[in-house]
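# Survey of secondary and tertiary structure
These are the residues of each chain, in order.
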Amino acid sequence: MSYVVVTQAKIAPDYRDEAMSALEQFKEIWSSNGAYRVLQGILMTGTNVQCSMSFNYFENMADVERAFEAMREAPIVKQTMKSGKFTILRRGILKNLFSFGTGGSVQAKYIVITNGTAETPELAAIEKLANVLNANGAISGRYGQFIMGDQANGKTYLFGAAYPSLSAIQSAYDAVAEDDDASGLYKSVSVQRRQIVRLIK
């Protein structure tokens, strides 16, 4: 079982350069303290445009705890929070239920994250959706259930998929619209929001 810590933060416009430098150091701290993968980006769509997004991947909750402790003690984290110009808006922990793709040789530039609610995980339908996305532009992706945070109500899920371009996103979702099995997912899952994240190095 693996887990993903998802963090969204608001950045003051006049603090952007400092925030980008801080995020780079945050990534090093996460990676040195249990995270086997760290992705960071900036929201391009939705209510909180220009907020930062961080996706930190862990094998177990013990590693999550170790990373949290390291972040809590890190001088750069204290300095960034003290500025008053970098504010964490929300943080949740997901339990990974399904993943697809291998990453391949294509460099991901965007992640599309979709929040949805359902009475059950709907894994069979999610797999059909993932297969269509993967065959039409998506590089890889994950699907998980919120187990900690504001959305940990037993019914809220997050589906994220990486893409090399915006046109690849369009191709993937055009294909979903034309596939009855993939689009049938929307009969059992209520989509709350879908957002594009531009990844940063």
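All of the points below concern the structure found in this document. (Residues numbered from 1 in each chain as written. Predicted model: local features only at pLDDT ≥ 70, side-chain atom pairs only at ≥ 80, totals over all residues. Heavy atoms only, no water.)

## A short note on the side chain of Thr156
Operational definition: A run of H or I in DSSP counts as a helix once it spans at least four residues, and a run of E counts as a strand once it spans at least two, with each numbered from the N terminus. Counted as a polar contact is a pair of N or O atoms within 3.5 Å, where, for protein atoms, one must be capable of donating a hydrogen and the other of accepting one, and residues adjacent in sequence contribute only when both atoms are in side chains. Throughout, a contact is declared for two residues whenever any of their heavy atoms are within 4.5 Å.
Inspection of the secondary structure puts Thr156 in strand β7 (residues 156–163). At 2.9 Å, the side chain of Thr156 forms a polar contact with the side chain of Asn153. Once you skip the residues sitting within four places of it in the chain, Thr156 turns out to touch Asn115, Gly116, Thr117, Gln145, Phe146 and Gln151.

## With respect to the pairing of strand β5 (residues 110–117)
Selection criterion: When a residue's accessible area, from a 1.4 Å probe over protein chains only, is under 20% of the maximum for its type it is buried; when over 50% it is exposed; and in between it is partly exposed. Here, strands pair whenever DSSP counts at least two bridges between them.
With seven of eight residues buried, β5 lies mostly within the body of the structure. Looking at chain direction, β5 and β7 are connected through eight bridges and run antiparallel. By the bridge assignment, Thr117 is partnered in β7 with Thr156. As defined by bridge partners, β5 adjoins strand β8 (residues 190–200) across eight bridges and the pair is classed as antiparallel. Counted as the bridge partner of Gly116 is Val191 from β8.

## Some remarks on unusual backbone geometry
Its identity is not glycine, yet Gln50 carries a phi of approximately 80°, on the positive side. Inspection of the secondary structure puts Gln50 in the loop between β2 (37–43) and β3 (52–58).

## A short note on the sheet that holds strand β1 (residues 3–11)
Definition in use: Only the contacting stretch of a helix is used when fitting its axis, a line to C-alpha atoms as for every element, and angles between N-to-C directions run 0 to 180 degrees.
Spatially, the eight strands close up into a barrel ordered β1-β3-β2-β8-β5-β7-β6-β4, and their pairing is antiparallel. Each strand axis lies, on average, 35° off the axis of its neighbour in the sheet, ignoring direction. With seven bridges connecting them, β1 and β3 associate as antiparallel partners. Looking at the pairing, Gln8 lines up with Met53 of β3.

## Concerning the environment of Asp174
Within the secondary structure, Asp174 sits in helix α5 (residues 166–178). As for Asp174 and Ala162, which are separated by twelve residues in sequence, their C-alpha atoms are 16 Å apart.

## Some points on the pattern of salt bridges
To keep things clear, this is the line we draw: Put simply, a salt bridge is a Lys or Arg side-chain nitrogen that is within 4 Å of an Asp or Glu carboxyl oxygen.
Within this structure, the stated rule accounts for six salt bridges. Where Arg66 meets Asp63, a salt bridge forms, and the shortest distance between an N and an O atom there is 3.3 Å. You can see Arg66 and its partner Asp63 sitting in helix α2 (residues 61–73), three residues apart, about one turn around the helix. In this structure Asp63 comes out as buried when scored by relative accessible area, which is 17%. A salt bridge links Arg72 to Glu73; its shortest N-O distance comes to 3.3 Å. Given a relative accessible area of 44%, Glu73 falls into the partly exposed group. Residues participating in the shared-partner salt-bridge network are Glu69, Arg72, Glu73 and Lys78.

## So, the nonpolar core
Cut-off, in case you're wondering: Buried Ala, Val, Leu, Ile, Met, Phe, Trp, Tyr and Cys residues form a nonpolar core when they are joined through side-chain atoms within 4.5 Å.
Counting residues in each nonpolar core, the largest one holds 27 residues, and the members touching the most others are Phe100, Leu129, Leu133, Phe159, Tyr163 and Ile169. Once residues lying within four places of it in the same chain are set aside, the contact partners of Ile169 are Tyr110, Val112, Tyr163 and Ile196. Judged by nonpolar contacts, the second largest core, of 24 residues, contains Tyr3, Leu23, Val38 and Met71.

## Things to note about the environment of Lys85
Within the fold, Lys85 resides in the loop between α3 (75–82) and β4 (86–101). Put simply, Lys85 and Ser188 are 103 residues apart on the chain and 40 Å apart in space, counted from C-alpha to C-alpha. Those residues within four positions of Lys85 in sequence are excluded, and the remaining contacts are Lys10, Ile11, Ala12, Asp14 and Tyr15. A distance of 2.9 Å separates the side chain of Lys85 from the side chain of Asp14, its partner in a polar contact.

## Some points on the packing of helix α4 (residues 123–135) against α5
The criterion, for reference: Orientation labels follow simple angle bins: below 35 degrees gives roughly parallel, above 145 gives roughly antiparallel, 65 to 115 gives roughly perpendicular, and whatever is left gives oblique. In a left-handed crossing the near helix is turned counterclockwise from the far helix by less than a right angle, and in a right-handed crossing that turn is clockwise. For this scheme, ten residues count as nonpolar: Ala, Val, Leu, Ile, Met, Phe, Trp, Tyr, Cys and Pro. Four count as charged, namely Asp, Glu, Lys and Arg, and the remainder, Gly too, count as polar.
Contact pair α4 / α5: the axes reach a minimum separation of 8 Å and the direction vectors enclose 135°. When the axis of α4 is compared with that of α5, the two are oblique. Where α4 crosses over α5, the two elements pack in a sense that is right-handed. For the pair formed by α4 and α5, the contact residues are Leu129, Val132 and Leu133 on the first element and Ala172, Tyr173, Ala175 and Val176 on the second. When its residues are assigned to classes, the contact of α4 with α5 shows seven nonpolar, no polar and no charged.

Function cannot be inferred from these measures alone, as they are strictly geometric.
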